[in-house]
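# Coordinate inspection notes
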Amino acid sequence: MSSAPAAQPSVVYAYVGSRTTRERNARGEGISVFRVNAHDGGLALVQLVQDLVNPSYLCLNTSGRRLYSVHGDGHEVSVFAVSPHDGTLQFMQRQVCGGLNPVHLVLDPTERFLVVSDHLGDKGGSLVVLPVHNDGRLGTVRQRVSLPGAPGPHRKEQPHAKPHFNPFDPSGRFVVVPDKGLDRVFVFRFADGQLTPAESPWMVCREGAGPRHVAFHPTAPFAYVINELDSSVLACRFDDTTGTLQALQVLSSLPDTYVGNSRASEIAISHDGRTLYASNRGLDSIAVFRIDVETGRLSFVEAISSNGQTPRFFALAPDGAFMYVLNEDSDSIVSFAVDATTGTLHPPQKSVGCGSPVCMVFSTVSA
C-alpha cells in the first residue's frame, strides 16, 4: 500500500514598495522582492523591479498571484503577475485612478473591486472604486466619493480632506477611512461595488489628531486608530452590524519621558489579539501596548528603538514570529523577533538595505 506524498514546504516572499523620486528625497529603486528565511527572519533579495515611480503601497490578492501598487504623488495603479514558482513579478497593466497621490488600496472580499484612497486633489482627497477583471486587470474608475467636513486646525497638514487608509472591517461589509485632514474616521457600507455612508457615517476625533491608519482586533469588537499629528492611539468599540465606531480611550504612543517632536505612522495587532504596536517617526521607535480583550482598553508597555530613522511602516510576518520595521530615511528593513508569550520585541535579529522602504506585504507559495 503506497503512502501519501509528503506535504511540500511553503516559501514566504516579501514585497517591498519604496519612494523613488527626488521630490521625496528618496533613494528607492522600485519594488523589491525578498525570500523570507522562516528560521531567523532574514531577507534575501530575488528581484528588483525598477523604473517605477513611488510604488508606495502594495496589496496582494488571496491567491498571491496578483500584486497591485499605487504610485505616490501620481494618479495611477499598477498590476503585476506573481510567479507561483519563485515569487517574481511581471508587469501587466497601469490604470489611471484620477486624483493625486493615491496612498492606499485594498481588494474587496470578492476580489471584484479595488478601493483606493486618493490623498490629494483639486478639492481634497477622495475614495475611488475600480472594477477588477477576471485576469486581475483593472477597469476604469467606477465610483469616486468625496469626504465632507471642516479642515482641522493644523495650518500645513489639514487644508482639506486627506484620506490615508481604507481597509475593510473583518466582516467585509464596511470600509473604514481615517482622514488626516478632517479629524474624522469615515465608515462606508460596501455592496455590489458601491460605497454608501454607514448609519453613523463618521466618528469625530480630537482637533489636530490627524487620524492616519486603523487596525481591527481579530476576535473582539474593537478597532484602534493611530493619530499621526498628536502621536496617539484611539481605542474604539466597533459595531459590525451598523458600522458605528464609539471612542473608548486615547493614549499617547510616546513614553512620558519623551518631550521632542514626533509623528505616529503605522499600527497593527498581534495574531493572538493581545498586543498592539504603533510606530513613531521622530522618537524612531515601535510602541508596544497590552490589550484588555474584555474592555478593549490599552496599557503602554514600552517603546523600543527602530534601529533606524523614520519607521514609516512595519509588518508582522505571516506566522507572527517576526516584525519587519521599514526605516524610510536610513534605507533599512530591520527584523525583530516577537516574544510568543508577551508580544514584546527582542533586539534586532537581521537588517537588510533597501532604499526608502515604505510598505511590505507577504505571499506564501508551495516550494
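Overview of the structure. Fair warning: this is a prediction, and the values are worked out from it, not measured in the lab.

Moving on, we get to the overall build of the protein chain. Tallying secondary structure elements over the protein chain gives zero helices and 27 strands in all. Against the globule reference of 21 Å for 367 residues, the protein chain gives a C-alpha radius of gyration of 20 Å, in line with a compact fold. Projected onto its principal axes, the C-alpha positions of the protein chain cover 65 × 50 × 50 Å. Taking all 367 residues of the protein chain together, the buried fraction comes to 59%. Long-range pairs, those at least 24 residues apart, make up 49% of the contacts in the protein chain between residues at least 6 apart in sequence. As displayed, the protein chain offers around 15400 Å² of accessible surface, 49% of which is attributable to carbon and sulfur atoms.

Moving on, we come to the sheet that holds strand β2 (residues 31–36). Here four strands make up an open sheet; going across it, the order is β3-β2-β1-β27 and the pairing antiparallel. The open sheet is flanked by β3 (43–49) and β27 (357–366), the only strands paired with a single partner. The average angle at which neighbouring strand axes cross in this sheet is 25 degrees, direction not considered.

With that settled, the discussion passes to the sheet that holds strand β14 (residues 194–204). One open sheet holds the three strands; their spatial order is β12-β13-β14, and the pairing between them is antiparallel. In this open sheet, the two strands that pair with only one neighbour each are β12 (174–179) and β14. Within this sheet the neighbouring strands show an average axis-to-axis angle of 25 degrees, counted without direction. Of the strand pairs in this sheet, β12 and strand β13 (residues 184–191) are connected by six bridges, and their pairing is antiparallel. Residue V177 lies in a different strand from β13, and its bridge partner there is F186.

Let us look at the pairing of strand β20 (residues 275–281). The two faces of the sheet receive side chains in turn, since in a regular strand these alternate between them. Among the seven residues of β20, seven are classified as buried, and the element is accordingly described as predominantly covered. With five bridges joining them, strand β19 (residues 263–269) and β20 adopt antiparallel strand pairing. Directly across from A264, in β20, lies its bridge partner N280. Taken together, β19 and the strand that follows it, β20, pair antiparallel across an intervening segment of five residues, in which G273 is found at a positive phi of about 75 degrees. One ladder, built from six bridges, connects β20 with strand β21 (residues 285–291); its direction is antiparallel. Its bridge partner being in β21, Y277 is matched across the sheet by V288. Joining the antiparallel neighbours β20 and β21 is a turn of three residues, in which G282 adopts a positive phi near 135 degrees.

Before going further, it helps to examine the state of the cysteines. Following the criterion strictly, the structure yields zero disulfides and no others. In this model C205 remains outside any disulfide bridge; the closest cysteine sulfur is found in C236, 7.1 Å from its own. C236 gets classed as buried once you look at its relative accessible area, which sits at 0%.

Let us look at the nonpolar core. One finds Y15, L67, L114, I333 and M360 to be the most contacted residues of the largest nonpolar core, which totals 68 residues. With six residues, the single largest contributor to this core is strand β1 (residues 10–18). Every residue in contact with M360, bar those within four places of it in the chain, is listed here: A14, Y15, V16, L43, F313, A315, Y324, L326 and I333.

The next subject is unusual backbone geometry. Not every positive phi belongs to a glycine, and E111 is a case in point at roughly 60 degrees. Within the fold, E111 resides in the loop between β8 (100–107) and β9 (113–120). A positive phi angle is found at S231, which is not glycine, with a value near 50 degrees.

For the structure shown, the criterion picks out 16 salt bridges. Residue R24 is joined to D73 by a salt bridge in which the shortest nitrogen-to-oxygen separation is 2.8 Å. A residue pair is termed long-range when its members are at least 10 positions apart, and R24 in the loop between β1 and β2 and D73 in the loop between β5 (66–71) and β6 (76–82) qualify at 49 residues. Taking relative accessible area as the criterion, D73 reaches 34% and is therefore assigned partly exposed. Here R263 ties to E157 by a salt bridge, and the two come within 2.9 Å at their closest N and O atoms. Remark: E157 occurs in the loop between β11 (143–146) and β12 and R263 occurs in strand β19; sequence separation between them is 106 residues. Taking the relative accessible area as the measure of exposure, E157 reaches 14% and is therefore buried. Because the salt bridges share partners, they merge into one network encompassing E157, K162, K180, R212, E228, R263 and R281.

Conventions adopted
- Residues numbered from 1 in each chain as written.
- Predicted model: local features only at pLDDT ≥ 70, side-chain atom pairs only at ≥ 80, totals over all residues.
- Heavy atoms only, no water.
- Helix = DSSP H or I, 4+ residues; strand = E, 2+ residues; numbered from the N terminus.
- Rg over C-alpha atoms; globule rule 2.2 N^0.38 Å.
- Buried < 20%, exposed > 50% of the residue type's maximum accessible area, 1.4 Å probe, protein only.
- Contact = heavy atoms within 4.5 Å.
- Areas by Shrake-Rupley, 256 points an atom, 1.4 Å probe, with all protein chains shown as cover.
- Pairing = 2+ DSSP bridges.
- Axes fitted to C-alpha atoms, helices over the stretch in contact; angles between N-to-C directions.
- Disulfide = S-S within 2.5 Å.
- Core = buried A, V, L, I, M, F, W, Y, C linked by side-chain atoms within 4.5 Å.
- Salt bridge = Lys/Arg side-chain N within 4 Å of Asp/Glu carboxyl O.

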